[in-house]
Amino acid sequence: MNRKKIEASFFRYLFAVVTYGIIFIFVYILYVIFKRGFHSISWSMISEEPKGGFYMGNGGGVLNAIVGSFYIATGATILAVIIGLPVVLLLNVHLVKYKKLVGSIRFLLDILWGIPSIIYGAFAFVVMTWLHLQASLLAGIITVGFLIFPIFARAFDEVVRTTAFGLLEASHSLGSNHTEISYLIYFKRNLPGFITAFLLAFGRAIGDAASVIFTAGYTDHVPMHLSDPAATLPLSIFFQLSSPIASVKERAFASTLLLTIIILVISIISRIIYSKIKRYAL
Amino acid sequence: MHYKEEILDTVVSLKTDSIISIRNLNVYIGSQPLLKNINLEIPRNKITVILGPSGCGKTTLLKSLNRLTDLQHNLKTTGEIFIDEEDILLSKDELTRKRQKMGLLSQRPFPLPMSIYKNISFGLKIHGLANKKNIDTKVEKYLREVGLWEEVKDRLHTSASRLSIGQQQRLCLARGLAVGPEIILADEPTSALDPISSRKIEEKFIELKNDYTVILVTHILRQAKHLADHVIFMYDGKVVEQGSPNKLFNDPETEILKAYIEVGH
Amino acid sequence: MTAAFFYKWRNVIHKISNLWMGISIFFIILLPLSIGLGLVLKSLPIMEDYSFSSLILSSEWSPSEGKFGFLIFIISSLCLTILSFIIAAPICVFSSIYLTQFAPNWLLKVMHLVIDVLAGIPSVVYGVWGIIVIVPFISNVVSPFINYSASGYCLLAGSIVLAIMSIPYILNMLIEVFRSMPIELKEASLSLGATEWETIKKVLLRQGSSGIIAALGLGISKALGETIAVLMVVGNMVKMPHHLLDPAYPIPALIVNNYGDMMSIPMYDTALMFSGLILFIIILLFNILSNLIIYRGKKKYE
């Protein structure tokens, strides 16, 4: 009897240690990023483009990357919504009685969700060389858009699925057609979930590198046209880190901190908006 | 019939031979009380039926008896529950041994994710039985007891989840009996079953009371009338009336019980 | 006025919306197919000139001389994934058990927050952290300890970073697996006299086995595809790794690093797309299998 007890206690403690260990690592990662990046952050970093020789130690900032990332993320997320929103509503309103079809589409979405960004990037590269296209902001937006639309769709679908079936029945009995039910009722009802899914996809779009490396290119300037190449924060960090000069590396850490803060802010905003809007959407 | 009921009344009210004594049991979830000041005697080798509307606390009462209420984090229990003169609420020691005294049958069958054979041998192995022949014998014995043996003897090692719901519930009963409990706790055991399977389980309970004590929670009046030797009627976390079925069904004292019986018809 | 306006256009809007939806669905089906097709087409040239086995099994890699043996990269990817799995899987299983069976409610809520944030942190940030913390740790502590000289940029570094990145996803899914089990199952086992630990070991883990396998499978497929973070700490040397502390060169890193040279050396771009195709197929297989297991599992409960 005692052996059983010892075994149970041992595992229970082990499991607890592992769990708290995960939390510790989480805090530690944030701590290191903050500590290393903090003293190199300056206003000029955020507001200036890299000057000549930036990667070799001269002045300037990462404005090119900040703006580039925002443009790409915004464009990509909008694209993702354009493709993903009708699909999710389709699954939950129009097709809800064709269980097998809905199941297959969800399955397909899950498969797409699992495809890594490097594959999207490589595929985009193949298409671009075939069409003799140059790396550009537009190409980046499209590629990242394709990447994140399953992320958006899956997240939004999870929320919409939980909408009570009774709402669908009630709406139909009022004489609404599917479109009206989808957009006027279901979408409004799940607005908080929509925003969460949107911001989730947006965060992913800002942070991804493998999908933009071939498609958006890189530049030291803020992109002005869709056909301009665009820099992104992850790539900017990567290039700064590859520099042999220590001060440039420090700037890389600062840029990393910047990116991390942006992501954290998005996460916090998402939670705040969710809890605020939740009252009204119902 | 009448004579027998009167003797039972006396026996129970004299509190002789009760297997479970509950004193001042209170169960709270957070600050809200689920069970209020329960004082009860459960007679040995009889079928005790706990009756009452949804939310009256009957399932909570049942689950406190083998301390399944411990599974919920913010549930607080005060009072004493004596099973065979031992207060099971006193300490957490030997909880498994105390739980072994009671078998549980839930509303829906929950077969373990194993073969039919292993569902029954699981409890046996936990309690130390190792000899394969012994286990085989016992598996057959308990499957026969619930009338499943003929139906499953050729597929003992297939998954239990392939059985029909009625068969699964009987399997769960066999599984519970195999660990040798003294008391059987049944929480609306036929609510998910068709009438024929329900009937089989009910008949089984009548047989079982010779060797076991049965505590049955139900809201089916017909079932209560058919099976009960002793009835406890609960409402809003309290015991409102208790006594022989004859008394409670034909001559209820409280208004609540009167209303409940009328609605049931 | 507007209500009447909309009413008149009601049917038109409905038709346009249906069209929009149809296009989106068509697109969803089209996308994975075209990705597959595109990669295959681009890889055909190299498959015509070299036999499949010579590409997969040879470790001679010298593109300028026309030698394309992918073995080093395939082995690197496999080792990296397996190692990170060995690290992450037990951690996630143990933690999910603790969180769903033993821990107080608030801890589970905190953990969900932690998981959400960790999952949102971009790959490049993990890479930077790996460079700041893991690489020096390996070169300054582990390397002298086991008496093997290493720069710190190695398989182990890549695996550790990859494991940490996989944990939020796998853990999230495992928590779901355990939470979706009906509590009555645990009650049934306990009332047979089993202890809590015995119940977990013999009943819950069995009940959840398919879900656990699916979650781990999805974690593996994510690890195979991870690019930037691994790239930054794994060393990227075209040499077969023989030791945990040797540098390695997984396929995603290969593709990214040589993007610039791709067009100037003949066959290089096809070769890289070929490796991408292999990666895509492996990931797709893991993905499909894991999702199939999950869908079968869900069916049981409905």
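Reading the values: rules and limits
- Residues numbered from 1 in each chain as written.
- Chains lettered and ligands numbered in written order.
- Predicted model: local features only at pLDDT ≥ 70, side-chain atom pairs only at ≥ 80, totals over all residues.
- Helix = DSSP H or I, 4+ residues; strand = E, 2+ residues; numbered from the N terminus.
- Buried ≥ 20, exposed ≤ 12 C-beta atoms within 10 Å, placed from the backbone.
- Rg over C-alpha atoms; globule rule 2.2 N^0.38 Å.
- Contact = placed C-beta atoms within 7 Å.
- Pairing = 2+ DSSP bridges.
- Axes fitted to C-alpha atoms, helices over the stretch in contact; angles between N-to-C directions.
- Nonpolar A, V, L, I, M, F, W, Y, C, P; charged D, E, K, R; others polar.
- Domains from an automatic or database assignment.
- pLDDT = per-residue confidence, 0-100.
- Parallel < 35°, antiparallel > 145°, perpendicular 65-115°, else oblique.
- Left-handed = near helix turned anticlockwise from the far one by under 90°.
- Core = buried A, V, L, I, M, F, W, Y, C linked by C-beta atoms within 7 Å.
- Expected span 1.5 Å × (residues − 1).
- Arc of directions from axis to C-beta.

1. Re the overall build of chain B
Across its full length, chain B carries 11 helices and 10 strands. C-alpha extents for chain B along the principal axes are approximately 55 × 40 × 30 Å. A buried classification covers 45% of the 265 residues belonging to chain B.

2. What about the overall build of chain C?
Within chain C one finds 12 helices and two strands. Reading chain C from its N terminus to its C terminus gives the helix and strand order α-α-β-β-α-α-α-α-α-α-α-α-α-α. In terms of overall size, chain C is more extended than a compact globule, its C-alpha atoms giving a radius of gyration of 24 Å where 302 residues would be expected to give roughly 19 Å. Along the first, second and third principal axes, the C-alpha set of chain C runs to 65 × 65 × 40 Å. The burial tally for chain C puts 48% of its 302 residues in the buried class. Within chain C, contacts between residues at least 6 apart in sequence are counted, and of these 74% link residues at least 24 apart.

3. Let's talk about the pairing of strand β3 (residues 47-51) of chain B
Residues and elements named next belong to chain B. Across the five residues that make up β3, a large majority, five, are buried. Alternating residues of β3 divide into Ile 47, Val 49 and Leu 51 and Thr 48 and Ile 50, and every residue in both groups is buried. With five bridges joining them, β3 and strand β8 (residues 213-218) adopt parallel strand pairing. When the bridges of β8 are listed, Ile 47 appears paired with Val 214.

4. Some remarks on the sheet that holds β8 of chain B
All names here are of chain B. Pairing within the open sheet is mixed, and its six strands lie in the order β6-β7-β8-β3-β9-β10. Only two strands of the sheet have a single partner each, and these edge strands are β6 (102-105) and β10 (238-243). Direction aside, the axes of adjacent strands within the sheet are offset by 20 degrees on average. In this structure, strand β9 (residues 230-235) lies alongside β10, joined through five bridges in antiparallel fashion. Along β10, the bridge assignment pairs Met 234 with Val 239.

5. Re the interface of chain C and chain B
Reports often express the size of an interface as the amount of accessible area lost when the parts come together. On the side of chain B, 23 residues touch chain C, which itself brings 20 residues to the contact. Mapped onto the side of chain C that touches chain B, the elements with two or more residues apiece are α7 (183-191) and α8 (196-207) of chain C. The element contributing the most residues to the side of chain C that touches chain B is α7 of chain C, with nine residues. Broken down by class, the residue content of the side of chain C that touches chain B amounts to nine nonpolar, six polar and five charged.

6. Details of the interface of chain A and chain C
Across the contact, 59 residues belong to chain A and 60 residues belong to chain C. Those elements that place two or more of their residues in the side of chain A that touches chain C are α1 (2-38), α3 (63-94), α4 (99-113), α5 (117-130), α9 (191-207), α10 (233-241) and α11 (246-281) of chain A. Broken down by element, the residue count for the side of chain A that touches chain C peaks at 18 residues, all from α1 of chain A. Its residues placed into classes, the side of chain A that touches chain C shows 42 nonpolar, 11 polar and six charged.

7. Looking at the sheet that holds strand β2 (residues 32-43) of chain B
Residue and element names in this part refer to chain B. Spatial ordering of the open sheet is given by β2-β1-β4-β5, a layout of four strands whose pairing is antiparallel. On the outer flanks of this sheet lie β2 and β5 (86-87), each paired with one strand and no other. In terms of strand pairing, strand β1 (residues 18-29) meets β2 through eight bridges, oriented antiparallel. Bridging from a neighbouring strand, Ile 20 pairs with Ile 42 of β2.

8. Notes on the domain arrangement of chain C
Residues and elements named next belong to chain C. Domain annotation of chain C identifies domain 1 (2-49) and domain 2 (56-301). The straight-line distance from the C-alpha centre of domain 1 to that of domain 2 is 32 Å. The interface is formed by eight residues belonging to domain 1 together with nine residues belonging to domain 2. Looking at the side of domain 1 that touches domain 2, its residues break down into five nonpolar, two polar and one charged.

9. Things to note about the arrangement of the chains
Most contacts, compared over the two pairs of chains touching, are made between chains A and C. One finds no contact linking chain A with chain B; the least C-alpha distance across the pair is 10 Å.

10. So, the confidence of the model for chain C
Keep in mind that low pLDDT regions are not for reading the predicted coordinates in detail. All names here are of chain C. On average, residues of chain C score 87 in pLDDT, and 96% of them reach the 70 mark or higher. Mean pLDDT per element in chain C: strand β2 (residues 67-68) is the minimum at 81, and helix α6 (residues 155-179) is the maximum at 94. Predicted as a complex, the structure gets a pTM of 0.85 and an ipTM equal to 0.90.

11. Let's talk about the packing of α6 of chain C against helix α9 (residues 209-225) of chain C
Residue and element names in this part refer to chain C. Relative orientation of the contacting elements α6 and α9 amounts to 155 degrees, with a least axis distance of 9 Å. Classed by the angle they form, the pair α6 and α9 counts as roughly antiparallel. Read as a crossing pair, α6 and α9 show a hand that is right-handed. Contacts from Leu 162, Ser 166, Tyr 169, Ile 170, Met 173, Leu 174 and Val 177 in α6 reach Gly 211, Ile 212, Ala 215, Leu 216, Leu 218, Gly 219, Lys 222 and Ala 223 in α9. Partitioned by chemical class, the residues of the contact of α6 with α9 number 11 nonpolar, three polar and one charged.

12. Description of the nonpolar core
Ile 72 and Phe 152 of chain A together with Ala 157, Val 161 and Leu 174 of chain C are the most contacted members of the largest nonpolar core, which totals 246 residues. The contact partners of Phe 152 of chain A, leaving out residues within four places of it in the chain, are Ala 80, Val 81, Gly 84, Ala 197, Phe 198 and Ala 201 of chain A.

13. Looking at α4 of chain A
All names here are of chain A. With 15 residues, α4 should reach 21 Å at 1.5 Å per residue; the first-to-last C-alpha distance of 21 Å fits that figure. Listed in full, the buried residues belonging to α4 are Ile 105, Leu 109, Leu 112 and Trp 113. Down the axis of α4, the smallest arc covering the buried residues is 105 degrees, so these residues share one side. The outward face of α4, more than 90 degrees from its buried face, is lined by the exposed residues Lys 99 and Lys 100.

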